[in-house]
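# Descriptive structure summary
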Amino acid sequence: MNATQTGLLAGLILGLAASQGFTAFLVTLAVGIIGLVAGRVLDGELDLGELFGKGRDK
């Protein structure tokens, strides 16, 4: 299991701690996406500098 999968799983588990209903679904989705992004950064598959305009070219 790589860091992307671990981050996504951790985010989804943390999101399940919310109450029931549509709000819980949105919280779980948001925390899962945050975990996925964190995992991709740790795996080196996503460079946040490129997303925010601070590429390696400068």
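This section reports on the structure supplied with the text. As the structure is a computational prediction, the values presented were derived from the model and not from experiment.

### Here's the deal with the overall build of the protein chain
- When helices and strands are tallied, the protein chain shows 3 helices and 0 strands.
- Going from the N terminus to the C terminus, the protein chain shows its helices and strands as α-α-α.
- Residue pairs in contact within the protein chain that sit at least 24 positions apart in sequence constitute 42% of those at least 6 positions apart.

### Observations concerning the environment of Arg40
- You can see Arg40 is positioned in helix α2 (residues 22–43).
- For Arg40, a relative accessible area of 35% corresponds to the partly exposed category.
- Along the sequence, Arg40 and Gln5 sit 35 residues apart, while their C-alpha atoms lie 8.6 Å from each other.

### Describing the pattern of salt bridges
- Considering all chains together, one arrives at 1 salt bridge under this definition.
- The residue Glu45 makes a salt bridge to Arg40 at a minimum N-O spacing of 3.1 Å.

Each value, and the rule that gives it
- Residues numbered from 1 in each chain as written.
- Predicted model: local features only at pLDDT ≥ 70, side-chain atom pairs only at ≥ 80, totals over all residues.
- Heavy atoms only, no water.
- Helix = DSSP H or I, 4+ residues; strand = E, 2+ residues; numbered from the N terminus.
- Contact = heavy atoms within 4.5 Å.
- Buried < 20%, exposed > 50% of the residue type's maximum accessible area, 1.4 Å probe, protein only.
- Salt bridge = Lys/Arg side-chain N within 4 Å of Asp/Glu carboxyl O.

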